[in-house]
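The primary structure of each chain is shown beneath.
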Amino acid sequence: RTRSSRLTMTVQIRPALDSLPAYAPGRTVPGAIKLASNELSFPTLPAVSAAILGAIGADASGINRYPDNGAQALIAALSTHVGVDPSHIIAGCGSVALCQQLVQATCSEGDEVMFGWRSFEAYPIVTQIAGAVSRRVPVTAQHALDLPAMAAAVTPRTRLIYICTPNNPTGTVVHQQELLAFLDAVPENVLVVVDEAYGEFDTDPDSPDGVALATSRPNVLSLRTLSKAYQLAGLRVGYAVGDPAVITALAKVAIPFAVNSLAQQAAIAALGARDELKPRWQQVISERSRVTDALRAAGYEVPTSQANFVWLPLRERAAAFAAHTEANKVIVRPFSDATGGVRVTIGSPAENDAFLDAARSFAL
Ligand code: PMP
């Protein structure tokens, strides 16, 4: 008999977790091209590698000590980067940790968190974990967030609203004018988070500047990450810019020492390498339009994306499409339900060609 076979289920797990799905990340399959998690597929920049290796040192000394809990050097670098006082900024263990902190900081049991659907699949998970209630407002027929419908869906229990722009997974953006009208319609005691995880790939001149909004309106917060454009997904660094009172509340609900010492140093170096990264973002942007055109020519519906991925609203055929590309050694991200589809990260030109070959040979 093994130990586990003698265990009986006596531990009481919160009933609220019974229906909670675990977050299902994009899969990594050895030998296959991974276009499932919206990472950049470029190698790490030499300046960033050097900073990481320098931070750890040949003997890895210093890792017996806790990191700076306030990540002061990183916050100072972010302050310069976004042009905002450090009191308006917090860093987190990826922006997804900040999503969780945002619900913890704003919602009591039964309060409501609103977001478009589809949008980032962690929003309903962090909401349910906190004992709060998700309000999913359907996207439009053009796969864009429906801001008037979201404004109309606010209730006295609404505490937090996620506006993801460009939206994961549909790639669509909200425009500055419609966002301003939305903010004017939403009560000022509701926190509106502009999740700009993919902002660096957005070339739409009418897109809002989340940081400018967050510094002019106390109930707006800009959420950003170094996982995508800054290529640090493996080190987990995100940040938020908002009113100091909100930032203080987010710090209270943070796990202590959330951003490790290596991640803090790497993030500072990556921010400093922005000018070297920009040509890479440009390549993603031009590949995005090449991939979009090729898919449309092959008969697919593809909403115009401002992110580093494209969305194929294939609904219940999503799983079959993903299985077909996987058979062709390309891993994409299916969401297999009535509002589902397939999200495909823009990779290198060769990776995109392999994906397009697979997509063209799928029986639409
Ligand atoms: N927001 C959005 C919209 C995302 O797509 C993601 C990652 N998929 C995140 C936040 C979280 O990213 P990270 O935790 O790596 O910063």
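All figures in this text were calculated on a predicted structure; none of them were measured in a lab. (Residues numbered from 1 in each chain as written. Predicted model: local features only at pLDDT ≥ 70, side-chain atom pairs only at ≥ 80, totals over all residues.)

A. How the structure looks around the UniProt feature "modified residue: N6-(pyridoxal phosphate)lysine" (unreviewed entry) in the protein. Feature annotation in UniProt places "modified residue: N6-(pyridoxal phosphate)lysine" (unreviewed entry) on Lys 228, given in this structure's numbering. Inspection of the secondary structure puts Lys 228 in the loop between strand 7 (220-225) and strand 8 (238-241). Residue contacts for Lys 228: discarding those within four places in its chain leaves Asn 38, Leu 40, Ala 197, Tyr 198 and Asn 308. (UniProt positions renumbered as here; feature names shortened; annotations may be inferred. Helix = DSSP H or I, 4+ residues; strand = E, 2+ residues; numbered from the N terminus. Contact = placed C-beta atoms within 7 Å.)

B. Structural detail: the pairing of strand 12 (residues 341-345). In terms of burial, strand 12 is a largely internal element, 5 of the 5 residues being buried. By the alternation rule, side chains of strand 12 split into Gly 341, Arg 343 and Thr 345 and Val 342 and Val 344, which are all buried. Of the strand pairs in this sheet, strand 9 (residues 309-312) and strand 12 are connected by 4 bridges, and their pairing is antiparallel. Bridge assignment links Val 310 to a residue of strand 12, and that residue is Val 344. Bridge analysis of strand 11 (residues 333-335) against strand 12 gives 3 bridges, and the strand direction is antiparallel. Bridge pairing links Phe 335 to Gly 341 in strand 12. The antiparallel pairing of strand 11 with strand 12 creates a hairpin that spans 5 residues between the two strands. (Buried ≥ 20, exposed ≤ 12 C-beta atoms within 10 Å, placed from the backbone. Pairing = 2+ DSSP bridges.)

C. View of the site of the ligand. Around the ligand there are 13 residues in total, and Gly 94, Ser 95, Val 96, Thr 225 and Ser 227 lie nearest to it. Take the shell around the ligand: its biggest share by element is 3 residues, from helix 3 (residues 94-106). Residue classes in the shell around the ligand are distributed as 5 nonpolar, 7 polar and 1 charged. (Near = placed C-beta within 6 Å. Nonpolar A, V, L, I, M, F, W, Y, C, P; charged D, E, K, R; others polar.)

D. Quick peek at the domain arrangement of the protein. When its domains are assigned, the protein resolves into domain 1 (23-45 + 275-360) and domain 2 (46-272). If you average the C-alpha positions of domain 1 and of domain 2, the two centres end up 23 Å apart. Listing elements by their share of the side of domain 1 that touches domain 2, those giving two or more residues are helix 10 (274-297) and strand 9. Here the side of domain 1 that touches domain 2 gets 4 residues from one element, more than from any other, and that element is helix 10. Across the side of domain 1 that touches domain 2, the residue classes tally to 15 nonpolar, 6 polar and 2 charged. (Domains from an automatic or database assignment.)

E. How the structure looks around the sheet that holds strand 5 (residues 158-164). If you trace the 7 strands from one edge of the open sheet to the other, you get 2-8-7-6-5-3-4, paired in mixed fashion. Looking at strand neighbours, the two that pair on one side only are strand 2 (89-92) and strand 4 (133-138), the edges of this open sheet. Along the sheet, successive strands turn relative to each other by an average axial angle of 25 degrees, direction set aside. Sheet analysis places strand 3 (residues 112-117) next to strand 4, joined by 6 bridges and oriented parallel. Across the sheet, the residue bridging to Met 114 is Arg 135, located in strand 4. Across the sheet, helix 2 (residues 72-82) touches strand 2 and strand 8, and the angle it forms with strand 2 is around 125 degrees. (Axes fitted to C-alpha atoms, helices over the stretch in contact; angles between N-to-C directions.)

F. Quick look at the nonpolar core. Counting 101 residues, the largest nonpolar core has Ile 161, Ile 163, Val 193 and Ala 267 as its most contacted members. A domain-level breakdown of this core finds at least three residues from each of domain 1 (23-45 + 275-360) and domain 2 (46-272). Filtering out sequence-adjacent residues up to four positions away, Ile 161 remains in contact with Met 114, Phe 115, Met 150, Val 186, Val 190, Val 192 and Val 193. (Core = buried A, V, L, I, M, F, W, Y, C linked by C-beta atoms within 7 Å.)

G. Molecular detail of unusual backbone geometry. Cis rather than trans, the peptide bond between Thr 165 and Pro 166 has omega equal to -5 degrees. Note that the residue after Asn 168, namely Pro 169, is joined by a cis bond; omega there is 10 degrees. With respect to the helices, strands and loops of the structure, Pro 169 is situated in the loop between strand 5 and helix 6 (176-185). Despite not being glycine, Arg 236 has its phi angle at roughly 65 degrees, a positive value.

H. Focus on the packing of helix 1 (residues 46-56) against helix 9 (residues 261-272). The interhelical angle for the contact between helix 1 and helix 9, taken along N-to-C directions, is 150 degrees, at an axis separation of 9 Å. With respect to helix 9, the element helix 1 is oriented roughly antiparallel. Between helix 1 and helix 9 lies a crossing whose hand is right-handed. On helix 9, the residues that touch Ala 47, Val 48, Ala 51, Ile 52, Ala 55 and Ile 56 of helix 1 are Ser 261, Leu 262, Gln 265, Ala 266, Ala 269 and Ala 270. When the residues that make up the contact of helix 1 with helix 9 are grouped by side-chain class, the tally is 10 nonpolar, 2 polar and no charged. (Parallel < 35°, antiparallel > 145°, perpendicular 65-115°, else oblique. Left-handed = near helix turned anticlockwise from the far one by under 90°.)

I. Representation of the sheet that holds strand 9 in the model. If you walk across this open sheet you meet the 3 strands as 9-12-11, and the pairing is antiparallel. The sheet terminates laterally at strand 9 and strand 11, the two strands that pair on one side only. Between one strand axis and the next, the sheet turns through 20 degrees on average, direction left out of account.

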